[in-house]
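# Coordinate inspection notes
The residues making up each chain are set out below.
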Amino acid sequence: MNLKPETIEKIDKLVPRYPTKRSAALPLCHLVQEDQGYLSNEGMEWIAERLELQPINVQEIVTFYPMLRTEPTGKHHVRVCRTLPCALVGAYQTCRRLEEELNCKVGHTSEDGEFTLEFVECHADCGHGPVVMVGEEQFNDIDPDKASELAAKMKSGELSNGMPDA
Amino acid sequence: MSQNGTVERVTINIDGQDVDVPKGTNIIEAVKMVGKGKEVPHYCYHPKLSIAGNCRMCLVEMGMPMRDRATGEAILDEDGKQKISWMPKPTIACATNAAPGMHIKTKSPMVEESRNGVTEFLLINHPLDCPICDQAGECRLQEFSADHGRGYSRFIEDKNVKPKRTRLGPRVMLDDERCILCSRCVRFSQEIADDDVLGFVDRGTYSTLTCYPGKELANNYSLNTVDICPVGALTSTDFRFKMRVWFLKRTNSICTESSVGANTEIWSREGKIYRITPRRNDAVNDTWMTDSGRALYQAVESEDRLTHYTIGGVHQTADEVAAAAAEQFKSGDVAMVASAHSSVEEQFYYKAIAERSAAKVSLVSHYGAGDGLLQSEDRSPNLRGALVTGLINTLPESDLSSLANAINSGAVKTLLVVDEDVTSLGIAPDLLAKVKLIYVGTHTNETAKVADIVIPSLMVFEKDGSFINQNFRLQKFNTAIPGPVGVLPDFMMLEKIAAPLADEKPAPVTLDTLWQRIAAKVECIEATQAWRGIPEEGIPLEPGSLLELPFVETKNLKYDPDAVKEAQAAPAGA
Amino acid sequence: MAIEEQKLIFKNLDEPGYSNDIDCYLKHGGYEQLKKAVTMKPEDICSEVMDSGVRGRGGAGFPAGMKWKFLDRKSGKPIYLVCNADESEPGTFKDRQIIHKDPHQLIEGMMCAAYAIQAKLAFIYIRGEFFQGYRILERAIEEAREKNFLGEDILGSGYSCDIIVHRGAGAYICGEETGLIESLEGYRANPRIKPPYFPAALGLYQCPTIVNNVETLCDVKHVIEMGGKEFAKIGTPGNTGTRIWCVSGHVQKPGYYEFPCSAVTLGELIFDVCGGLKPGRKLKAVIPGGSSSKILRADERFTGKLKDGTEYDWGIEDIPMDFDSLMAVGSMSGSGGVIVMDDSTDMVEALANINYFYAHESCGQCTPCREGVPWMRKVTQRMCDGHAREEDADLLNSIADQIAGRTICAFGEAAAWPVQSFIAKFKDEFVEKAREQATRRKAGQNPSKETTLI
């Protein structure tokens, strides 16, 4: 399991802060996922061993939370909020436009591995819907036309996957 | 707990009837105490596991006496009776503990509607598997659907699809579509078996029971999850598709795997055993037993069964063989290798034979690793029976080297071996050739093959009798299936052998008449104890100084050697 | 008539030039309340909070002072404070502003609260999707630690308490306090049965725990600033302080607006503050408190008596925005998420959208929610797909009735109330949909229409 040294350092600093080892399970899932892109079986077993848990304990929580994934995503991970407030201002139309522009069906990764497009539930910015997230970056008021602009930016490489500068 | 160790009791009211229960009892148990077949239906609650409260089937209506907020005075209605304020929402009985004045309704419209609703919800995604599901006939979903279901379906959507017939472990099969997510198996694995290997993955209606890929449910208690699963999600691979449970006869018995003496139930039909399950005994095994103990019934139909009384390899009648054996014992210089697998009644007879023929008795130990739960280090069910009957008065040896010497030196001319292969315990076959060998046992082995007289014995499933377990508890077992044709119960055969040794004629003997003798002679058994009077849950005995022997068993589920020592040290009544 | 907001919590956060670092916060009088708090006796702070009458702004509206009173202070076990920053109720987006734009207000409010309940350790459970918010909070905490506002021996008072920011990972049920606690402990976020697991007695790690919403904890700071009784003068009795209303849906100016309780009516909020509906549209329905609250029909008339005995006779536009009035008319203020729907909205599709949300978010622990909520989703989905039946409305209502009140946690009610209220208020649309589809089917056409909301 070759995690980056920065990740190991973050993990080693984090685990002792919690009163129990198991409490660090969810944060460690985030850190390992950020490091590797997703949580493989190897990743889950590593976390289990690190926290003196059984692998099933880690698998239980990884499959419970939608943000934790057991498969890698495309280069651009696009999430469109579908809950009522965003739907009322056109989220489904936005998503259909993105499906066309990115050549990717919602809930899937495109054939070329460039894009993963999925619906997510309320992202708590309903006053400026439709809300679209690309990686870790959030975009507001994305009507279908703005969705086309966003898609163009992704295709041209202008939009990184929203990974933060450390 | 009050000072003299009794639990405080409270009065609660169930369906208009006042009931007196220990304080803190949960309502499911309290309703059981009312009796008359009253039951609060439930799936996820189990008396020996932690409370989950997730099936919501045990919803009941609860009310507490109305009290004035300010003064705390009781509020009364026009008839002067205490007014009850009923909660607007039902509450789960398993998590509600009895408090003074609590009122419970188990039959109101709200309760019936709740049960209706929960049953309907459980059935909408449940597959229509009853015709092929092993659980049919003992399925709580079937029973409660019949009692509390709507009777028709309103669900016209598609049912969820989940993995079916997956191998969860070597002995357990899993069907995720049938699973109602009660979490009994998960709690059992974590709390009792201490093998945290089961869990739920995914979320909501797609939640699925599973093991982590590469791991399996393989511990020695895995079949208990099959027992406690209220539906057919977890089934036994050994019992799969073999028999419908309503055809099976149930017989109470005792597990012979170790000195724990787990209480069991033998399920049989027409002389064939189909499975063994644990029987609840809160003093011995709660509601659990080992997987290895369950498998013991497979030896019944082994090719190695001894099926005929023989002298010199020639089939004889029981009487002829008994007479021949008695002759041998009369001739003197007798040694006996007894067994801790024999029942108390048989050991009583072996003691009589040993006394009457001045025989030296040896017992061999069968020790193994203990698992701290229900498999003790002593892998024989009735060592303490041998001590209590006086057959031996010290703990057994690990081998028979001293006996081998005695045979070698010519001090032993007749050897009775009960259910042991002495050739692997230090007495080589050529040594055995020096003595007249009488073998009593259930299966053949190297010793039986060279025996002069062979007396077939019945297995525990084929006879009645009793064992004394590690806690000195006397427990009886019953005949479930007939033994090989023509083979008598051991104690009847032993009567035929023992009587002539005292110059008596063998009398027809039953367990009742035998027990009159046992109760009279054996010290720690009450002189008035009758065989019929032994209850199904057993009787604890007071073995006196026998407790001081250095037994090998360490602490397990219901046995605590330290507690035993402490109780001994403290004088009675302290 | 332009209605002025009265900003208490949002006083600074949108002012030009205001930044989320500690220096800016200090310049605006930040951490003065914490300095005051650590000189007070913890019990006195608790009384102030009790006097202020501040009610939880996460959804349940339970008085914070009373929650703190129930805390088991005698158990000998450590006490924990948890800030519920898992804002996931559809329609709500107020906590996000505080976290991103004024994190120190939250930190100060938390530390005051932690001191008041003598917590050993505090947590902020932030939803996983707030990537930036997480980083902002971490930085803010370090800034505060440097200045001794948290950590060891806070401001020389002898009281120590640290804050750990714990990220969630996309589960709405982590907003339920016992679900949150389970998630914090590293388990699946399955809420606990209450009794016996009331967090005030058996919470995080089976120790006494207080879980409060972000806005509520910020209010604690303001209660200390002006004193409980002054705070209670804002708003009306039983509905004290200000509330942040988050308006979304078919309005011209959706967004977040802070007013004292009862200071604006629903009509004023929609038509004045939010600039009214889109041109040519009429109001059809409003969900006033996040999707879990019961829907209000625009042409309904609400009559009855309030808690204090006064009678009311309101149209939808007359309802004062506070806790009790919305409760009186059969809904609730919940998390303050006001979702406005105009007459272009297909109510069956809207309900299908909501049902999909709840079916997806159910934790799956207890039978009615796990099986019943997806059943309702399947029914409304089938209706939108063109196979509606006239009896489906009653079926939906019946299923919802079997869920509400029978579950481990309030998620059951949250999922059931939308269904019950949509059917109660708009049953005609549900029945009509089935009739329409039957007509089209008979005419040989495709029974289903293209949907916009699902």
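Everything here concerns the structure above.
These notes cover the structure that comes with them. Starting afresh in each chain, residues are numbered from 1 along the sequence in its written order. Labels are handed out in written order, letters beginning with A for the chains and numbers beginning with 1 for the ligands. Note on the predicted model: pLDDT of at least 70 is required for a residue's local features to be given, and 80 or more for side-chain atom pairs to be given and counted; whole-chain, interface and lining totals, by contrast, use all residues. The basis for every side-chain value is the complete set of non-hydrogen atoms in the structure, without hydrogens or water.

## Observations concerning a nonpolar patch on the surface
Residues and elements named next belong to chain C. To keep it simple, the criterion reads: Patch membership is restricted to residues that have no salt bridge and whose relative accessible area is over 30%. Joining uses 9 Å for like charges and 5 Å for the nonpolar side chains Val, Leu, Ile, Met, Phe, Trp and Tyr. Exposure was quantified through the Shrake-Rupley algorithm and a 1.4 Å probe, taking into account, for residues, occlusion by the shown protein chains and nothing else. Put simply, a salt bridge is a Lys or Arg side-chain nitrogen that is within 4 Å of an Asp or Glu carboxyl oxygen. Put simply, DSSP marks the helices as runs of H or I at least four residues long and the strands as runs of E at least two long, and each gets a number from the N terminus on. Only protein chains enter the area calculation, which uses a 1.4 Å probe; residues under 20% of their type maximum are buried, those over 50% are exposed, and those in between are partly exposed.
Together, Met-50, Phe-62, Met-66 and Phe-70 line one region of the surface with nonpolar side chains, adding up to about 350 Å² of accessible area. On the secondary structure map, Met-50 appears in helix H3 (residues 42-52). Taking relative accessible area as the criterion, Met-50 reaches 32% and is therefore assigned partly exposed.

## With respect to the interface of chain C and chain A
Inclusion rule: Two residues form a contact once any of their heavy atoms are found within 4.5 Å. Here the quantity called buried area is the total loss of accessible area, with a 1.4 Å probe, experienced by two parts when brought into contact, counted for both.
Across the boundary between the two partners, chain C contributes 65 residues, which contact 42 residues of chain A. Summing both sides of the interface, chain C and chain A together bury roughly 4,200 Å²; the carbon and sulfur share of this comes to 60%. A per-residue breakdown of the area chain C buries against chain A is headed by C:Phe131, C:Ala169 and C:Arg188, which together make up 15% of the total. Inspection of the region where chain C meets chain A yields five salt bridges.

## Notes on the nonpolar core
The following threshold applies: What makes a nonpolar core is a set of buried Ala, Val, Leu, Ile, Met, Phe, Trp, Tyr and Cys residues whose side-chain atoms join them at distances within 4.5 Å.
Ranked by size, the top nonpolar core spans 124 residues in total, and within it A:Tyr65, C:Phe123 and C:Phe430 carry the most contacts. Looking at which element gives the most residues to this core, the answer is helix H16 (residues 411-442) of chain C, with 10 residues. When neighbours within four sequence positions are excluded, A:Tyr65 is seen to be in contact with A:Leu26, C:Tyr125, C:Ala169, C:Ala171, C:Cys174, C:Ser183, C:Tyr187 and C:Ala189. Grouped together as the second largest cluster of nonpolar side chains are 68 residues, A:Ala124, C:Leu71, C:Ile79 and C:Ile98 included.

## Details of the sheet that holds strand E13 (residues 263-269) of chain B
Sheets are built from strands that pair by backbone hydrogen bonding, the pairs being arranged parallel or antiparallel. Residue and element names in this part refer to chain B. This is how the line gets drawn: When DSSP finds two or more bridges between two strands, those strands count as paired. Under this scheme, a helix contributes an axis fitted over its contacting stretch, all axes are lines through C-alpha atoms, and angles between N-to-C directions fall in the 0 to 180 degree range.
In space, the three strands of this open sheet follow the order E12-E13-E14, with antiparallel pairing throughout. Each edge of the open sheet carries a strand with a single partner, namely strand E12 (249-254) and strand E14 (272-278). The average undirected angle you get between the axes of adjacent strands in this sheet is 30 degrees. When E12 meets E13, the two strands line up antiparallel, connected through six bridges. When the bridges of E13 are listed, Ile-254 appears paired with Asn-263.

## Points about the pattern of salt bridges
Oppositely charged side chains are able to pair whenever their charged atoms sit close together. Residue and element names in this part refer to chain C. Inspection of the entire model under this criterion finds 83 salt bridges over all chains. Salt-bridge contacts for Lys-307 lead to Asp-324; the nearest nitrogen and oxygen are separated by 3.4 Å. Of the two residues, Lys-307 is situated in the loop between strand E11 (301-305) and strand E12 (311-315) and Asp-324 in helix H12 (residues 323-328); the sequence distance between them amounts to 17 residues. Relative accessible area serves as the criterion here: at 73%, Lys-307 is assigned to the exposed category.

## With respect to the side chain of B:Asn445
Residues and elements named next belong to chain B. The cut-off we apply is this: By the criterion applied in these results, polar contacts are pairs of N or O atoms within 3.5 Å in which, for protein atoms, one can donate a hydrogen and the other can accept it, and in which residues neighboring in sequence qualify only through two side-chain atoms.
As for its placement among the helices and strands, Asn-445 is situated in the loop between strand E20 (436-441) and helix H12 (446-449). Residue classification places Asn-445 among the buried residues on the basis of a relative accessible area of 15%. Reaching out from Asn-445, the side chain makes a polar contact with the side chain of Tyr-439 at a distance of 2.9 Å. Engagement of the side chain of Asn-445 in a polar contact is seen with the backbone nitrogen of Thr-447, the distance being 3.0 Å. Excluding its chain neighbours within four sequence positions, the residues that come into contact with Asn-445 are Glu-420, Asp-421 and Tyr-439.

## A few points about helix H13 (residues 347-361) of chain C
All names here are of chain C. What counts is decided by this rule: By this rule, a helix spans an expected 1.5 Å times one less than how many residues it contains.
With 15 residues, H13 should cover 21 Å at 1.5 Å per step; its first-to-last C-alpha distance of 21 Å lies within 8% of that length. In terms of burial, H13 is largely enclosed, as 13 of its 15 residues are buried. Here H13 starts with a cap whose side-chain oxygen sits 2.9 Å from the backbone nitrogen of Val-348, and that cap is Asp-346.

## A few points about the environment of C:Phe10
All names here are of chain C. Within the secondary structure layout, Phe-10 lies in the segment before helix H1 (22-27). By relative accessible area, Phe-10 is classed as buried at 2%. Distance from Phe-10 to Lys-101, taken between C-alpha atoms, is 9.5 Å for residues 91 residues apart in sequence. Excluding anything up to four places from it in sequence, Phe-10 contacts Lys-94, Gln-97, Ile-98, Ile-244, Tyr-256 and Glu-258.

## Quick word on the packing of H13(C) against helix H14 (residues 367-387) of chain C
Residue and element names in this part refer to chain C. Where we set the bar: Here is the rule for handedness: rotate from the far helix to the near one, and if that takes an anticlockwise turn smaller than a right angle the crossing is left-handed, while a clockwise turn gives right-handed. Lys, Arg, Asp and Glu make up the charged group, whereas Ala, Val, Leu, Ile, Met, Phe, Trp, Tyr, Cys and Pro make up the nonpolar group; the residues left over, Gly among them, are polar.
Packing of H13 against H14 leaves a shortest axis separation of 8 Å and a crossing angle of 145 degrees. Considering the relative orientation of H13 and H14, their crossing is left-handed. Across from Val-348, Glu-349, Leu-351, Ala-352, Asn-355, Tyr-356, Tyr-358 and Ala-359 in H13, the residues of H14 making contact are Val-373, Pro-374, Met-376, Arg-377, Thr-380, Met-383 and Cys-384. A per-class count over the contact of H13 with H14 returns 11 nonpolar, two polar and two charged.

## Re the pairing of E11(C)
Pairing of E11(C) with E12(C), which is carried by five bridges, proceeds in the antiparallel orientation. Pairing of C:Lys305 across the sheet is with C:Glu311, part of E12(C).

## A closer look at the packing of H14(C) against helix H15 (residues 392-403) of chain C
Residues and elements named next belong to chain C. Put simply, the test is: Note on terminology: angles under 35 degrees are roughly parallel, angles over 145 are roughly antiparallel, angles of 65 to 115 are roughly perpendicular, and the others are oblique.
Where H14 contacts H15, the axes come no closer than 9 Å and their chain directions differ by 165 degrees. Looking at the two axes, H14 sits roughly antiparallel to H15. Here the hand of the crossing between H14 and H15 comes out left-handed. Residues Pro-368, Cys-369, Gly-372, Val-373, Trp-375, Met-376, Val-379, Thr-380, Arg-382, Met-383 and His-387 of H14 touch H15, and the partners they reach there are Asp-392, Leu-395, Leu-396, Ile-399, Ala-400, Gln-402 and Ile-403. The class makeup of the residues in the contact of H14 with H15 is 12 nonpolar, four polar and two charged.

## Overview of the sheet that holds strand E7 (residues 166-167) of chain B
All names here are of chain B. With antiparallel pairing, the three strands of this open sheet are ordered in space as E7-E8-E11. Where the open sheet ends on each side, the last strands, each with one partner, are E7 and strand E11 (234-236). Here two bridges tie E7 to strand E8 (residues 172-174), and the two strands are oriented antiparallel to one another. Paired with Arg-167 across the bridge in E8 is Met-173.

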